[in-house]
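# Working through the structure, step by step
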Amino acid sequence: MPHLSIALAPVDYLILAVYFVFVLGIGWALRRYMKTSSDFFLSGRAIPAWICGLAFISANLGAQEVIGMAASGAKYGIMTSHFYWVGAIPAMVFVGIFMMPFYYGSKARSVPEYLKLRFDEKTRAFNAISFAVMTVFSSGISMHALARLLEQILGFPYDLCIAVSALIVLAYIFLGGLTSAIYNEVLQFFMIVFGFVPLVWLGLESVGGWDALVAKLNTVAASPANPAGRVFAEGAWTQSWAHMTSPDANPMGVEWFGMVMGLGFVLSFGYWCTDFLVVQRAMAADSMSAARRTPLIAAVPKMLFPALVILPGMIAIAMHHELGDFLPKDENGATDFNMTVPVMLARFCPSGLLGVGITALMASFMSGMAGNVTAFNTVWTYDLYQSYIRPGQPDRHYLRMGHIITVIGILISVACAYVAREFNNIMDMLQLVFGFVNAPLFATFLLGMFWRRATGHGAFFGLLAGTGAAALHHGLTLPAGATVGVKGGWLVGGHVLHTYPVDMAQNFWAAIFAWTGCFVVTIAVSLATRRNKTDDELRGLVYSLTPRIKEHGVPWYLQPALLGTVVLAAAVVLNLIFW
Amino acid sequence: MQLDVRLPMGMMFVIIGVILSLYGLITWSDAEMYQRSLGYNVNLWWGLFLAAFGAAMLLLARRAAIRAKRDAATPQTP
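Residues numbered from 1 in each chain as written. Chains lettered and ligands numbered in written order. Predicted model: local features only at pLDDT ≥ 70, side-chain atom pairs only at ≥ 80, totals over all residues. Heavy atoms only, no water.

### Regarding the overall build of chain A
A tally of helices and strands in chain A yields 21 helices and 2 strands. Computed over C-alpha atoms, the radius of gyration of chain A comes to 23 Å, within 12% of the 25 Å expected from 2.2 N^0.38 for 579 residues, which places it in the range of a compact globule. In terms of its C-alpha atoms, chain A occupies a principal-axis envelope of roughly 65 × 55 × 55 Å. By residue count, 61% of the 579 residues in chain A fall in the buried class. Sequence separation of at least 24 residues holds for 78% of the intrachain contacts in chain A that already meet a minimum separation of 6. Side-chain charges in chain A split into 33 positive and 30 negative, and the spacing between the mean points of these groups amounts to 13 Å. (Helix = DSSP H or I, 4+ residues; strand = E, 2+ residues; numbered from the N terminus. Rg over C-alpha atoms; globule rule 2.2 N^0.38 Å. Buried < 20%, exposed > 50% of the residue type's maximum accessible area, 1.4 Å probe, protein only. Contact = heavy atoms within 4.5 Å. Lys, Arg positive; Asp, Glu negative; His and termini not counted. Charge placed at Lys NZ, Arg CZ, Asp CG, Glu CD.)

### A short note on the interface of chain B and chain A
Chain B puts 27 residues into the contact, and the matching count from chain A is 38 residues. In total, about 3,000 Å² of surface goes out of reach between chain B and chain A, with carbon and sulfur atoms giving 81% of it. Among the residues chain B hides against chain A, the three largest losses belong to Q2(B), R36(B) and W46(B). Together they make up 22% of the total. Across the contact surface, chain B and chain A share 0 salt bridges. If you look at where chain B meets chain A, you find 6 residue pairs in polar contact (both at pLDDT 80 or more). Here the side of chain B that touches chain A gets 11 residues from one element, more than from any other, and that element is helix α1 (residues 6-26) of chain B. Here the side of chain B that touches chain A is composed, by residue class, of 22 nonpolar, 3 polar and 2 charged. (Buried area = accessible area lost by both parts, 1.4 Å probe. Salt bridge = Lys/Arg side-chain N within 4 Å of Asp/Glu carboxyl O. Polar contact = N/O pair within 3.5 Å; in protein donor to acceptor, adjacent residues only side chain to side chain. Nonpolar A, V, L, I, M, F, W, Y, C, P; charged D, E, K, R; others polar.)

### Observations regarding a nonpolar patch on the surface
All names here are of chain A. The grouping of L472, V484, W490, L491 and V492 at the surface amounts to a nonpolar patch, some 430 Å² of accessible area in total. Note on placement: W490 falls in the loop between β1 (477-479) and β2 (498-500). Overall, the relative accessible area of 36% leaves W490 in the partly exposed class. (Patch = residues over 30% accessible without salt bridge, like charges linked within 9 Å, V, L, I, M, F, W, Y side chains within 5 Å. Areas by Shrake-Rupley, 256 points an atom, 1.4 Å probe, with all protein chains shown as cover.)

### Section: the pattern of salt bridges
Residue and element names in this part refer to chain A. Applying the stated rule across the entire model yields 12 salt bridges over all chains. Between D535 and R452 there is a salt bridge, with its nearest N and O atoms 2.9 Å apart. One end of the pair, D535, is in the loop between α20 (503-528) and α21 (560-577); the other, R452, is in the loop between α18 (441-450) and α19 (456-476), and 83 residues separate them in sequence. By relative accessible area, which is 35% here, R452 ends up partly exposed. A salt bridge links D536 to R539; its shortest N-O distance comes to 2.9 Å. Residues joined by salt bridges that share partners form a network here, namely E121, R124 and D383.

### Regarding unusual backbone geometry
The phi angle at S43(A) is positive, at roughly 55 degrees, despite the residue not being glycine. Among the secondary structure elements, S43(A) is positioned in the loop between α2 (37-42) and α3 (49-58). Note on S43(A): relative accessible area 3%, which makes it buried. Residue L38(B) is not a glycine yet carries a positive backbone phi of 60 degrees. Locating L38(B) in the fold gives a position in the loop between α1 and α2 (42-73). The class of L38(B) is partly exposed, set by a relative accessible area of 30%.

### Description of the environment of L447(A)
All names here are of chain A. Note on placement: L447 falls in helix α18. L447 sits 89 residues away from D536 along the chain, and the two C-alpha atoms are 18 Å apart. If sequence neighbours within four positions are ignored, L447 has contacts with R118, A454, F519, T522 and I523.

### Some remarks on the side chain of T80(A)
Residue and element names in this part refer to chain A. Tracing the chain through its elements places T80 in the loop between α4 (63-76) and α5 (82-105). On the basis of relative accessibility, which here comes to 0%, the residue T80 falls in the buried class. Among the polar contacts made by the side chain of T80, one reaches the main-chain carbonyl oxygen of G77 at a distance of 2.8 Å. Residue contacts for T80: discarding those within four places in its chain leaves M69, S72, G73, M252 and I310.

### A few points about the packing of aromatic side chains
Aromatic ring pairs are defined here through the distance separating the ring centres and the angle between the ring planes. Residues and elements named next belong to chain A. Enumeration over the complete set of coordinates arrives at 46 aromatic pairs over all chains. When the centroid spacing of 4.6 Å and the interplanar angle of 15 degrees are considered together, the rings of W515 and F519 count as stacked. You can see W515 and its partner F519 sitting in helix α20, 4 residues apart, about one turn around the helix. According to the relative accessible area criterion, W515 is buried, its value standing at 12%. (Phe/Tyr/Trp six-rings, centres within 6.5 Å; stacked < 30°, edge-to-face > 60°.)

### Here's the deal with the confidence of the model for chain A
In this model, chain A carries an average pLDDT of 89, and 99% of its residues clear a pLDDT of 70 or more. Within chain A, the element-level pLDDT minimum falls on helix α17 (residues 424-438) of chain A, averaging 77, and the maximum on helix α1 (residues 10-30) of chain A, averaging 94. (pLDDT = per-residue confidence, 0-100.)

### Digging into the confidence of the model for chain B
When pLDDT is averaged across chain B, the result is 89; 94% of the residues are at 70 or more. For this predicted complex, the interface score ipTM comes out at 0.92, alongside a pTM of 0.92.

### Here we look at the state of the cysteines
Residues and elements named next belong to chain A. Taken as a whole and assessed by the stated rule, the structure comprises 0 disulfides over all chains. Considering cysteine sulfurs only, C416 is the nearest to C161, which forms no disulfide, with 18 Å between them. Take C161: its relative accessible area is 7%, and that puts it in the buried class. With no disulfide of its own, C518 has C273 as its nearest cysteine by sulfur position, at a separation of 14 Å. (Disulfide = S-S within 2.5 Å.)

### Describing α1(A)
The terminal C-alpha atoms of α1(A) lie 31 Å apart, and with 21 residues this matches the ideal 30 Å at 1.5 Å per residue to within 8%. Every buried residue belonging to α1(A) is among V11(A), D12(A), I15(A), L16(A), V18(A), Y19(A), F20(A), F22(A), V23(A), I26(A), G27(A) and L30(A), and all of these are buried. Contact partners of the buried residues in α1(A): α8 (158-207) and α15 (353-389) of chain A together with α1 of chain B. (Expected span 1.5 Å × (residues − 1).)

What follows is the structure in structure tokens.
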């Protein structure tokens, strides 16, 4: 069994060290600007749009993105790009043009706080608590993934990796708050791009260019030894839409409706439009116009990312198919697709460039983790501590709390990392439960922002119903070949109503059910209950009660509506090119 | 703005770029090592690119600082 091990040369360590020095240096340089809680949690709302924009995608560019998208690129081919060109881009345009006016304009300091202003206390509490728990766990999982990867490929001790990554992230957030996290995310963004560009270029060069890659992937599709274990038509790995008429015709196992509705509409809009982790970056912008431009600016590099994160996976599966043992096997003897990026690094990067690549990998893990930590400390301090535990204290008190909770949050994350290491199932289960809680959120925001009649009770019970619908769906369905349990089918003694070809399809449909459940119940309960907010209280929070924004002094080429249209058109063109 | 992010970013990429391209020069004749990168001396070329990117960032930061100083020096007319 070929086990991957990469040896770093002194020059690689030197590059890594330079990166660490600058990451910490940024925190150190910013420490004297952290005078109020608003500086620490909101960057004093003083960051230019392009910086917020890059931080907006960088915070999302964590472990899952870099490692997971390359793995999906190998397993499913270019259909993975739906996560970008159908999923992320339209949602990012929507949040920038339609939702940011309410987030930024309402002066809410967090997404849960918006829910409180728009609906009521219990809706906010539900969202704040589930979000806070979820973010510390995510940052723990991120840390665990990094430490395990470094242990596997570089032979670094696991504990040391955890300690170093936790301490570095802690130091730069503790010192410089959100500004420090955002600045570092910009640094990490470029580091990741510059680490991956040569890798992709060399990979493509070595398989003989795009046309040769397409030819090789056609033989992958035609071989029963491909990752899906079934024979597909030519182009199943290199055409994003052509094979989506039926779930059996493509390696992802989904048909176009489930993908467009589940991924494109519910999951993507739910994530990009309501997750405070990314929205926080836009809220730090220095003006309404900059806040609205943040996701639009972010969308531009985002739509090019498939070339950086999916293409390596496609190259790797082509090479794997040709060479037979390019990708290593995991402990169960199955091909370990999560090793795609490390294998590519080991294959194509000589010492020196290897250091840049490993640094890029670390940068991606840290940006994801820091994003979680800053979102967590803000929600904890403003939405839980200040609202329910110790209200009415001077600002200094909350700034101090911010420092303390940053330390505590990272300590809990470290604990989670070790739990994830020992009990993988617990983490799977937690992520599953978080999925149930998250899936319906977008319905709540949509109704909240565009229907003034939606009430606090409606929102709260709608959310519960949506979460319940997701759980119910999960309990009654199962992906093919999976055992009853964490994968589903646990509700009625192993009796399953529907079997999906792959778990991806199950996820998409769970989201559709959750969203619909929440949407219907919110409307029904809202109509049956009395409004708890007057039109006056909802000014600035609901579309029909908010004066249209006039972007004064913003040149025409920076108008959000125009930028959004251009971004959407570009996404359509990309879909057509790779149809 | 308190600190222009292009300043540390520019410095970092200049330093990393210089390290990388120097290493590329030193290992110029190591054909075996560069077999991995298909015979290209990627360290030298990518190092030069990173250094150039860093320098461009520093230049932009400097220009912004000069402009901010000039704006502060000229009194605002109502």
